[in-house]
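What follows is each chain in one-letter form.
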Amino acid sequence: MSIDQTSRLCRILPAPVFDQLGSLLRQIAEGTEANPLVLAETALPVGKRLNNQIERFVAVVSSQFSGLLVAEAAALDGESPLSSHQGNKTLSTDRSADPSAQPVLYQVGLSFSPAAIAVFLNQISQLLPTDSPLLLSLRQASQQLQPNHAALQSEFTLRLVEILTATPPLRATDASCDLRVEAALRQQVEQERSLNQVTTQIRQSLDLPLILQTAVQEAQKLLQSDRAVIYEFEGSLAANGRPPGATTETLPPRPLASSRRPPLSPSSPHLALGCVSYEALATDALPSVLHLAEEAYCFSEVTDYRIKYHKGFILAVNDTETAYSHSSCLLKLLRQAKVRAKLVVPIVVREELWGLLVAHQCTEPRHWEDHEKVFLQRIAEHLAIAIYQARLYSQLQQQKQMLEQRVVERTQELGDALVAAQAASRAKTEFLAAMSHELRTPLTCVIGMAETLLRAMVHKPDTYSLDPQKQQDYLKIIKRSGEHLLELINDILDVSQVEAGKTILNVSKFSLAQLAHQSLQMLREKAQSNGVEFNLDLRFAPEGTGAKSFQEDLFTADRRRVSQILLNLLSNAIKFTPAGGRVTLRVWLENNFAVIQVQDTGIGIPKSQYPLLFQKFQQLDGTYHRRYEGTGLGLALTKQLVELHGGKIDVDSTVGKGSTFTVWLPAQPLLENSRGLKAFHPVASALSKVEADRPIQVDYPLSFGGRIVLIEDHEESAMLICDLLTAAGCQVIWMVDGSTAIKQIELLQPLLVITDIQLPGIDGFEIMQFLRQHPATQNTKILALTARALPEDKQRCLEAGANDYLAKPIQPYQLLDKVAALVSVEE
Ligand code: ADP
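Please read these numbers as outputs of a predicted model, since none were measured by experiment.

Caption draft 1: Inspection of the overall build of the chain at higher detail. In terms of helices and strands, the chain carries 25 helices and 24 strands. Evaluated residue by residue, the chain yields a buried proportion of 46% over its 827 residues. Within the chain, contacts between residues separated by at least 24 positions form 72% of all contacts whose residues are at least 6 apart in sequence. Accessible surface computed for the chain: about 42,300 Å², of which carbon and sulfur atoms make up 54%.

Here it is as structure tokens:
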């Protein structure tokens, strides 16, 4: 083996530099595994030499990096080569012993070719004795030899360059020095520099388009190819977004193949191609293939190419004309794109074939060198990392944006919740203020006037007297105040019932016209006293018939709830319409809906206040300076009742001109068991309004006799009931204590027992249960009275044995109605 079989460095190097290079080889090999094969001339048996020229050598073989460094004696111009063997002295001892002596110089050869190293190892083997243990190692090393790992190779090259640049150049004596090696070395250094540039760019930037563009430019420049491109597969294009300028709007992908293509099967695995997304050209004169999308079917002839690329396959085509002579389709495609030679390396991002990095030679064939393949491959590897990083970065950005968005939303939610809480707290305070006002006003009347009346009766007529008219007026005011309080309590109860989901609809068929008339009737007096004109506009008769009949106005819903809706809207309209104004109630049927419209010419509502209208305890003119009494519950309850029917309520209003409230109620299915059900309500506020118009003197049309036992511990209530029933012709026996009452009822055998529920000692439930259990009283009619006005209270009473139930405060006509009904059934 001569130095020519390796490669020469075009320098004559001093012996210490040779030593440095030798130890560099060793270091790199040792970096890859624990015990690489390291061989030097000292391993040869004494007196044996490779040939006359090679004086020294270092050979290293490891799994990823192998190299061979050989040295021949060399001399500078005009000198004769000085061999280290001259005088049988080693180089180092020679120099240290005599510093003025001529330095030992070598012509150095360096090889990384597995074949060349194998030949060299074989030569060594032949010099060794047959029983040398080294023989086996040499054989194993020869079998292990393979091309070096690109990164290790480049590390060696960089450090080699460092050593050489630190060494002053000495002129070579040997004119046959292989300039190509130096050129190759220079190119390798240049490639390393370029690769460094690309990797620095990758590390510094997360701008993927910039990285990819730099990569193709550098690849084209360093490989001195006509063109370098990045080809992205379809999925990657979608995942990464197209690069700037590659949008379909600006330049749609142009198919390269002829328009005469065979029909493509949608299931073809070759369909998912992509397009050229980045390009660098050596000169502008060369045709561009940027944005070109290849037709899939051409590649169906290249079997499994994607699978191969996925595994890291590098495709080097030195001449497309010969390589693809069998495929006219591909050849045509490549001719169109002006590709005469190509080097293709895959870009595999995390197990996924992302795209290809391709170098083209356009006009003439080209032999692609190994180091060029390695170079392009390394750029592709770095690109894969960059693409992955960019993906992570974009995911991170998305997550960051999402989190930021979440923070904004959450902050907004918290802000809203705070505003809502503040509003709720304000509403509560305002409600308490309103309640206090609403309760105090009638209570002041009740207490003040009752006291006045009492005084008038107690004092002597000459010192203090009240004329009968005044007394009646006072009593009327007291009654109205009580009724107002009752209305207030009922409203609150109603709202809380609906909110608790405890309200059920008692659906029945009824006449809307009648209900409308009735509602107007109830409020007519109030309207008159306010100076407001009342109109009723019923639109039930089919158009054009002129029929006046109410036949078409039958509707199925909860009559009492619909009545509440009407009364709430109408009383608001009257309340908020100044004297001289007009309130119109319109009712009609539209398909399956009843439409109720209450229009007034009142003060109107600003649009900004609409959202507050249907909220509980909201009164738009504030609490402390209010001109209109009310609880702020009417519209909230109205809306709840409308929604309970599955309907909707709307408002349209102009400040100073008036408001129109429109309600759409869908007809409710009429169930068998709901047909006969009477609407139940603790005390109907509407009824109380009707009764407000009646004189205190009860003028009941029916008269019924019979014995009635009343168990009531509240004296005033008992007195009222006794008076009413006695006036109706009954014999009433009043008892206060439940336990004694039971015995007496057995004896008295009354037609009816009216019992309060909350009694001291034994309560109303126990009395009823007892009466029902005893044969003598088990058929006696029982009417329960209670101040607890919730539906479940009624249910409890009925379960305990009551035939009917009446909520306090007692409305005279209700009491008389119920008693009459129970007594007449008996008769
Ligand atoms: P209130 O018991 O105070 O009447 P509502 O819930 O019925 O309670 O009404 C809430 C508020 O809506 C009223 O205080 C009033 O400011 C406004 N409002 C309701 N109806 C009308 C109307 N027809 N015209 C003007 N303002 C109205």
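Caption draft 2: Here's a closer look at helix H7 (residues 208-223). Between the first and last C-alpha of H7 there are 22 Å, a value that for 16 residues agrees with the 22 Å anticipated at 1.5 Å per step. Positive backbone phi, approximately 50°, marks Gln224, located one or two places after H7.

Caption draft 3: Summary view of the nonpolar core. Within the largest apolar cluster, 44 residues are counted, with the highest numbers of intra-cluster contacts made by Leu585, Phe661 and Leu665. Discounting chain neighbours no more than four positions away, the residues touching Leu585 are Ala516, Leu520, Asn535, Leu536, Asp537, Leu566, Leu570, Ile596, Gln597 and Val598. Ranked by size, the runner-up nonpolar core spans 32 residues in total, among them Val216, Ile230, Trp354 and Ile379.

Caption draft 4: Structural view of the sheet that holds strand S19 (residues 658-666). With mixed pairing, 5 strands are arranged side by side in an open sheet as S14-S16-S17-S19-S18. Each edge of the open sheet is held by one strand with a lone partner, namely strand S14 (533-539) and strand S18 (648-654). Direction aside, the axes of adjacent strands within the sheet are offset by 10° on average. Inspection of the sheet shows S14 paired to strand S16 (residues 582-590) by 7 bridges, in the parallel sense. Bridged to Phe534 within S16 is Val583.

Caption draft 5: Up close: the packing of helix H15 (residues 512-530) against helix H16 (residues 559-575). Orientation of H15 relative to H16, taken along the N-to-C sense of each, is 25°, at an axis distance of 10 Å. Judged on the interaxial angle alone, H16 and H15 are roughly parallel. For the pair H15 and H16, the crossing hand works out as right-handed. In contact with Leu515, Ala516, Gln518, Ser519, Leu520, Met522, Leu523, Lys526, Ala527 and Asn530 of H15, H16 contributes Arg559, Val562, Ser563, Leu566, Leu567, Leu570, Ser571, Ile574 and Lys575.

About the cut-offs
Residues numbered from 1 in each chain as written. Predicted model: local features only at pLDDT ≥ 70, side-chain atom pairs only at ≥ 80, totals over all residues. Heavy atoms only, no water. Helix = DSSP H or I, 4+ residues; strand = E, 2+ residues; numbered from the N terminus. Buried < 20%, exposed > 50% of the residue type's maximum accessible area, 1.4 Å probe, protein only. Contact = heavy atoms within 4.5 Å. Areas by Shrake-Rupley, 256 points an atom, 1.4 Å probe, with all protein chains shown as cover. Expected span 1.5 Å × (residues − 1). Core = buried A, V, L, I, M, F, W, Y, C linked by side-chain atoms within 4.5 Å. Pairing = 2+ DSSP bridges. Axes fitted to C-alpha atoms, helices over the stretch in contact; angles between N-to-C directions. Parallel < 35°, antiparallel > 145°, perpendicular 65-115°, else oblique. Left-handed = near helix turned anticlockwise from the far one by under 90°.

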